[in-house]
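Structural features, examined
Here is what each chain is made of, one letter per residue.
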Amino acid sequence: MREDTSALLISVAALVASLAVAAVHAGPPGCDAPTHAGPLTPQPLLPDGGDAWRTTDAGVRVTTRRIPKVPGRTLRVSATTLRVLPDGIYALEGEDALTYYVRIEEAPAVSRPDAGPPPAPEPLVEEPTTSWSAHELESGLPRAGQWRNGFDVVDIDGDGDLEVIHGPARKGARSPQIWRNDGTGHFTPWREAVIPPGPYDYGDAAAADFDGDGRTDLALGIHLGGVVVLAQVAPGRFELRTEGLPAPTRSGPAGFSSRAVAAGDWDGDGHPDLVALSDGPRPPGGEGPGVTTSAPGLQVFLSRGTRFTRLTTPQDLLFGDDVALGDVDGDGRADALAASARAGAADLLRLSRPDGTEVRTLPLPAPNTLVSAVTLVDLDGNGRLDALLGLQRARDAHWEHLLVTLRGPADTQELRALPLPARITALAARPTEGGAELAVALEDGTLRMWRHHGSVLHPTLTLAPPAWRQGCRPWHLAWADVDGQPGAELLASFAGEGGAGCPSGGGFEVWQLRR
């Protein structure tokens, strides 16, 4: 199992404050799971330098971690596989009455151009400013359902107003969703749209005219289901296209799947292409023990009319839940910045080149850093794109959460960071005169906004979660002018497992923001 601590740390970090790690217990094993066989030293949930690593016969360094059994959060799906909701899949070595024991492989070393540790980031300075006001729109978008992972905002019906496009909710009808805009920011389902049957499930959505016929098409990254495109062959009528894409077939599932897709002109031919980031290890299926893995990494699919061609890209082990496209180096081609749920991965920037793809390493501040969200924006008005990242790093047996700005990600790589009280789950940014406006969603449902000017952040607004989405995680943010009035609105989607933690299961909110 090519897995490391990253997804484990993401999935169970919320439990650490309220659960003590169970002591090694010699109770009875599960009905078909092995009793844990040592050696085992006490392992905390967070890396504090106490891991006891050993080397397998295949030369892979591994360790064993303990996860306390928590009803509703930990699920043994087979004798050799454990799932920690919502996203963790681990190789199960054994269990006792209170604890699961999982095997973790050491993350591969990340090479850096200077062969030394990156410098500590400079602090991002906050200075007071005039606060904004927020007015929630009666958008008509759902206030129930697990709406994850991402959506797009685009004029898909050609009427000049921006629509909201999303894959299926995580639970419920398995069909992509399009909500039409009446021009005032009120949305209704596009019931007249004809969408063919397909392998749809929750994930991400990106809209673009992939085949060049003048109509906007829809790309879907499908959790455990690959990547497909719905081509709009006539107004409101869509056709499923999979040629050249990793879609499931009658002979088996797709060999690659994604919950983070984006559209942009990768090869500079004037037509949008499709970029997808792997969603990581998948549950077991078919024959053999352990985890059935899909191909990791960031993949590029070049549009060629009604089909796609997969670009050969450098092999990597990246997987995560966010990817952003933009021309970082000013050569007229789209480049990609990826999030990473693999601890220590810093090779997150991919630059498009005429002869292939160049990998660039970011100067992230710690070897066990995770990147949960990314976006690209011109932070200082110089016409060049900079990077914004949501970052977590383990320090002194606790998680530190950082909002990170990276100016000149392809060259100067000036890094600054602002500590925040919770994990960043979504980012959105838009350029303004001489700077940018930033929106950050935290895992506890709080949304915070700043105006970035120079190297200073000016806080403008904080939105606490209302009662209907208490306990729901924010999954995606977008700036877009949906009401026809001056200024852009902020759109957000939320999801949770339902019950007491997130009673509604999730939904959408849209705000008018005014100075």
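Model, not experiment: these values are computed from the prediction. Every chain is numbered on its own, with residues counted from 1 as its sequence reads. Side-chain atom pairs in this predicted model are given and counted only at pLDDT of 80 or more, local residue features only at pLDDT of at least 70, and totals for whole chains, interfaces and linings cover all residues. Note: side-chain values were computed over all heavy atoms of the structure, leaving out hydrogens and water.

A few points about the overall build of the protein chain
The number of helices and strands found in the protein chain is 1 helix and 36 strands. Counting only residues that meet the buried cut, the protein chain has 56% of its 515 residues in that class. Throughout, a contact is declared for two residues whenever any of their heavy atoms are within 4.5 Å. Nonlocal contacts in the protein chain, meaning residues at least 24 apart in sequence, comprise 56% of its contacts between residues at least 6 apart. For every accessible area listed, the method is Shrake-Rupley and the probe measures 1.4 Å; residues are considered covered only by the protein chains on display. About 20,200 Å² of surface is accessible on the protein chain, with carbon and sulfur atoms providing 52% of the total. Only DSSP runs of H or I reaching four residues or more are called helices, and only runs of E reaching two or more are called strands; each is numbered from the N terminus. Burial status follows relative accessibility: with a 1.4 Å probe on protein chains alone, a residue under 20% of its type maximum counts as buried, one over 50% as exposed, and anything between as partly exposed.

What to know about the environment of Gly332
Within the secondary structure, Gly332 sits in the loop between β22 (323-326) and β23 (335-338). Sequence separation between Gly332 and Trp266 is 66 residues; the distance between their C-alpha atoms is 8.9 Å.

Thoughts on the state of the cysteines
Here, two cysteine sulfur atoms that lie within 2.5 Å of each other are counted as a disulfide. Using the criterion set out here, one finds 1 disulfide in the structure. Two residues, Cys472 and Cys502, share a disulfide whose sulfurs are 1.9 Å apart. Taking the torsion about the S-S bond as the criterion, the Cys472 to Cys502 disulfide, at about 90°, is right-handed. Of this pair, Cys472 sits in the loop between β33 (456-463) and β34 (473-480) while Cys502 sits in the loop between β35 (489-495) and β36 (506-514), placing them 30 residues apart in sequence. Across this residue pair, the class does not change: Cys472 and Cys502 are buried.

Let's talk about the sheet that holds strand β19 (residues 273-278)
The sheet built from 4 strands is open, its strands ordered β18-β19-β20-β21 with antiparallel pairing. Edge strands, defined here as strands with exactly one partner in the open sheet, are β18 (258-264) and β21 (307-311). Geometrically, the sheet is characterised by an average inter-axis angle of 25° between neighbouring strands, direction not taken into account. Where β18 meets β19, 6 bridges bridge the pair, whose relative direction is antiparallel. Its bridge partner being in β19, Gly264 is matched across the sheet by Asp273. Think of it this way: DSSP has to see at least two bridges between two strands before they count as a pair. Inter-axis angles, ranging from 0 to 180 degrees, are taken between N-to-C directions of lines fitted to C-alpha atoms, where helices are fitted over the stretch in contact.

Overview of the pairing of strand β16 (residues 226-234)
Taking burial as the measure, the 9 residues of β16 include 8 buried ones, the bulk of the element. In the sheet, strand β15 (residues 217-222) pairs with β16 via 5 bridges, with the strands oriented antiparallel. Residue pairing in the sheet places Ile222 in a bridge with Gly226 of β16. Hairpin remark: β15 followed by β16, antiparallel, with 3 residues in the connecting loop; positive phi at Leu224, about 65°. Linkage of β16 to strand β17 (residues 237-241), two consecutive antiparallel strands, is achieved through a turn of 2 residues, within which Gly236 is found at a positive phi near 80°.

Here we look at the packing of aromatic side chains
Side-chain rings of Phe, Tyr and Trp, where Trp is taken by its six-membered ring, are said to pair if the distance between their centres is within 6.5 Å; with planes under 30 degrees apart they count as stacked, over 60 as edge-to-face, and otherwise as tilted. In this structure the tally under the stated criterion is 7 aromatic pairs. When the centroid spacing of 6.4 Å and the interplanar angle of 85° are considered together, the rings of Trp190 and Phe238 count as edge-to-face. Of this pair, Trp190 sits in the loop between β13 (187-189) and β14 (203-208) while Phe238 sits in strand β17; the two residues are 48 residues apart in sequence, bridging distant segments of the chain. An identical accessibility class is assigned to Trp190 and Phe238; each is buried. What links up through ring pairs into an aromatic cluster is the set Trp147, Phe151, Trp179 and Phe508. The aromatic ring of Trp479 is capped on one face by Arg430, whose charged end is 4.7 Å from the ring centroid. When the ring centre of Trp475 is taken as origin, the NZ or CZ atom of Arg473, which lies over that ring, is 3.5 Å away. For a ring to carry a charge above it, either NZ of a lysine or CZ of an arginine must fall within 6 Å of the ring centroid while also lying within 35 degrees of the normal to the ring plane.

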